[in-house]
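Summary of structural features
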Amino acid sequence: EKGTYPHYMLKETDEQPLVIRKIIQKYQDEEGNLTIDQEIVDAVKSSDRIYIVACGTSYHAGLVGKQLIERMAGIPVEVHVASEFGYNMPLLPEKPLFIFISQSGETADSRAVLVAVKELGHKALTITNVPGSTLSREADYTLLLHAGPEIAVASTKAYTAQIAVLSILADVVAKTRGRADNLNLVKELGIVANAMEVLCDSKEEFDFIAREYLSFTRNCFFIGRGLDYYVGLEGALKLKEISYIQAEGFAGGELKHGTIALIEEGTPVIALATQENVNLSIRGNVKEVSARGANPCIISMKGLDMEEDRFVIPAVHELLTPLVSVVPMQLIAYYAALHRDCDVDKPRNLAKSVTVE
Ligand code: M6R
């Protein structure tokens, strides 16, 4: 139930720190070490390429998951939109492993791919919030999100739970492959949960940003590089889904190849700057759009922040920034939808689970 919250989306956004802590607990062994079923670890380790297949927000979590698995565990990963994969299947290697990411576990586009790859005799792992769901039952292995029911059509806590579970999978596989760098994931995810709390306590600020930048606009761009680009895609999806503002996420460097033509006087551009290696380049992109009249809103991370930034999120490990930087995206979208009198929990034309292809 919603309790004191006006909307499920706000409640579910607020639950994120708790969900992260619960996930840590659920994936810890008695000694406090992170653990994943051995057969899942073996399936991941023995595959020569992982294919993540998902839709919408779960696809965006998959993009982050690719970075985590490749950079931590050293296994190549491709990420595909389920609705395209069925008839656009790439040439598969000898031992592919398929990872289906689905909050509901019922998405028809993803299920169609699962059926197709099972027919080819390949192994599949489903990462889902719903035990016993179709995708969970039909895959060889399941990892649960433990996020609790997600009611609002706009996915929030499932996204962060998906990334947290993917980070645990990447970490456990990395350690068994002797790639145990100094990352203490339990500690880092704890820092993430605390940072999320700070963000959830900053609602007034995001309400204000939404009012200032998004009350009257007809469009909005999200830019970022690397992991920030993926979070920008999710920020744009959240915003268009519930506020009906036309929003698009772009890689910072790609704008000048066409999209910059859309920038007009006052066009809001939300720029994420949480990645040290591209901090100056993304700020260069902000200057490019500002010179064409854009109204930039830079959201950066402590330690990389500069004077012109609109909001600074607390610092977390550089691989885990999406878990934190997505919270302002969710809350800005939420308040933008409220200010525009939209039905936040039940946006038009959408259903919580999409059970048709
Ligand atoms: O249940 P699933 O994770 O498979 O759902 C996938 C998408 O339909 C879903 O993430 C959708 O994009 C959300 N409404 C986004 O907020």
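About the cut-offs
Note on numbering: residues in each chain are counted from 1, in written sequence order. With pLDDT at 70 or above as the cut-off, local features in this predicted model cover only qualifying residues; side-chain atom pairs require 80 or more to be listed or tallied, and sums for whole chains, interfaces and linings still use all residues. With hydrogens and water stripped out, all remaining heavy atoms of the structure feed into the side-chain values. Counting from the N terminus, the helices are DSSP H or I runs at least four residues long and the strands are E runs at least two residues long. Think of it in three bands: with a 1.4 Å probe and only protein chains considered, a residue is buried below 20% of the maximum accessible area for its type, exposed above 50%, and partly exposed in between. What makes two residues a contact is simply this: any of their non-hydrogen atoms within 4.5 Å. Per-residue confidence from the predictor is reported as pLDDT, a score between 0 and 100. Stacked, tilted and edge-to-face are the three classes assigned to paired rings of Phe, Tyr and Trp, where Trp is represented by its six-membered ring and a pair needs centres within 6.5 Å; plane angles under 30 degrees give stacked, over 60 edge-to-face, the rest tilted. Nearness of a residue to a molecule or strand requires only that one of the residue's heavy atoms be within 4 Å of it. N or O atoms within 3.5 Å of each other form a polar contact, as long as, within protein, one can give a hydrogen and the other can take it, and as long as residues adjacent in sequence are counted only when both atoms are side-chain atoms. Side-chain classes follow a simple rule in which Ala, Val, Leu, Ile, Met, Phe, Trp, Tyr, Cys and Pro form the nonpolar group, Asp, Glu, Lys and Arg form the charged group, and the remainder, Gly included, forms the polar group. Note on pairing: DSSP must find at least two bridges between two strands before they are called paired. Axis definition: a line fitted to C-alpha atoms, limited for helices to the stretch in contact. Angles are taken between N-to-C directions and run from 0 to 180 degrees. Multiplying one less than the number of residues by 1.5 Å gives the expected span of a helix. Joining through side-chain atoms within 4.5 Å is the link that ties buried Ala, Val, Leu, Ile, Met, Phe, Trp, Tyr and Cys residues into a set, and such a set is a nonpolar core. Each angle is binned into one of four classes, with values under 35 degrees roughly parallel, values over 145 roughly antiparallel, values of 65 to 115 roughly perpendicular, and all other values oblique. Definitions for this section: a left-handed crossing has its near helix turned counterclockwise from the far helix by less than a right angle. A right-handed crossing has that turn clockwise. Throughout this description, the term salt bridge denotes a Lys or Arg side-chain nitrogen within 4 Å of a carboxyl oxygen of Asp or Glu.

Bringing the side chain of Asn219 into the picture now. In this structure, Asn219 sits in strand β6 (residues 219-224). By relative accessible area, Asn219 is classed as buried at 12%. Ignoring any residue separated from it by four or fewer positions in sequence, one finds Asn219 in contact with Ile245, Gln246, Thr267 and Pro268.

With 100% of its residues at a pLDDT of 70 or more, the protein has an overall mean of 96. For this predicted complex, the interface confidence reaches an ipTM of 0.98, while the overall pTM sits at 0.97.

Let's shift gears to the packing of aromatic side chains. Going through the model one piece at a time under the given rule, you end up with 8 aromatic pairs. Residues Phe85 and Phe98 carry aromatic rings whose centres are separated by 5.9 Å and whose planes lie at 75 degrees to one another, so their mutual orientation is edge-to-face. In this pair, Phe85 is assigned in helix α5 (residues 82-85) and Phe98 in strand β3 (residues 96-102), connecting sequence segments 13 residues apart. Each of the two residues, Phe85 as well as Phe98, counts as buried. Their ring planes at 50 degrees and their centres at 4.7 Å tell us that Phe206 and Phe311 sit as a pair that is tilted.

Before going further, it helps to examine the site of the ligand. Lining the immediate surroundings of the ligand are 14 residues, of which Ser58, Ser102, Ser104, Thr107 and Glu241 lie closest. One of the backbone N or O atoms of Val153 is found 3.0 Å from a nitrogen atom in the ligand. Taking Glu241, its side chain carries an N or O atom lying 2.5 Å from a nitrogen atom of the ligand. Within the residue set of the shell around the ligand, elements represented by two or more residues are α4 (56-73) and α11 (227-243). Here the residues of the shell around the ligand are counted per class, giving 4 nonpolar, 8 polar and 2 charged.

Looking now at the sheet that holds strand β5 (residues 141-144). Read from one edge of the open sheet, 5 strands run β2-β1-β3-β4-β5, paired in parallel fashion. Of all strands in the sheet, those bounded by a partner on one side alone are β2 (77-81) and β5. Neighbour-to-neighbour, the strand axes of the sheet open up by a mean angle of 20 degrees, direction not taken into account. As judged from the 6 bridges shared by β3 and strand β4 (residues 123-128), these two strands associate in the parallel manner. Along β4, the bridge assignment pairs Leu97 with Lys123. Sitting on the sheet, helix α6 (residues 108-119) is in contact with β1 (49-54), β3 and β4, with an inclination near 160 degrees to β3.

End to end, α11 covers 24 Å across 17 residues, agreeing with the expected 24 Å (1.5 Å per residue, within 8%). Where α11 ends, the next residue or the one after it, Tyr244, has phi of about 65 degrees, a positive value.

Core analysis: the largest hydrophobic core is formed by 102 residues, its most contacted members being Ile69 and Ile99. Here this core gets 13 residues from one element, more than from any other, and that element is helix α8 (residues 157-176). Once residues lying within four places of it in the same chain are set aside, the contact partners of Ile69 are Ile50, Ile52, Gly74, Ile75, Val77, Ile99, Leu166 and Ala170.

When two helices pack together, their arrangement is given by the angle between the helix axes and by the axis-to-axis distance. Put simply, α4 and α8 touch, their axes get as near as 9 Å, and they point 20 degrees apart. With respect to α8, the axis of α4 lies roughly parallel. When you trace α4 past α8, the crossing you get is right-handed. The residues of α8 that touch α4, namely those facing Thr57, Ser58, His60, Ala61, Val64, Gly65, Leu68, Ile69, Met72 and Ala73, are Tyr159, Gln162, Ile163, Leu166, Ser167, Ala170, Asp171, Val173 and Ala174.

For the rest of this paragraph, the subject is unusual backbone geometry. The phi dihedral of Tyr244 is positive, around 65 degrees, even though this residue is not glycine. Its relative accessible area of 29% is what places Tyr244 among the partly exposed residues. Of note in the backbone geometry, Asn349 takes a positive phi value of approximately 70 degrees without being a glycine. Note that Asn349 resides in the segment after α13 (321-339).

Applying the stated criterion to the full structure yields 19 salt bridges. Across the salt bridge formed by Lys203 and Asp14, the nearest N and O atoms sit 2.8 Å from each other. Note that Lys203 is positioned in helix α10 (residues 203-214) and Asp14 in helix α1 (residues 8-14), a separation of 189 residues in sequence. The same class applies to Lys203 and to Asp14, which are both buried. Between Glu264 and Arg218 there is a salt bridge; the shortest N-O distance is 3.5 Å. Taken together, the positions of Glu264 in the loop between β7 (246-251) and β8 (268-273) and Arg218 in the loop between α10 and β6 put the pair 46 residues apart, joining distant regions of the chain. On the basis of relative accessibility, which here comes to 43%, the residue Glu264 falls in the partly exposed class. Residue class for Arg218 comes out exposed when judged on its relative accessible area of 57%. Salt bridges linked by common partners bring Lys11, Glu15 and Lys157 together as one network.

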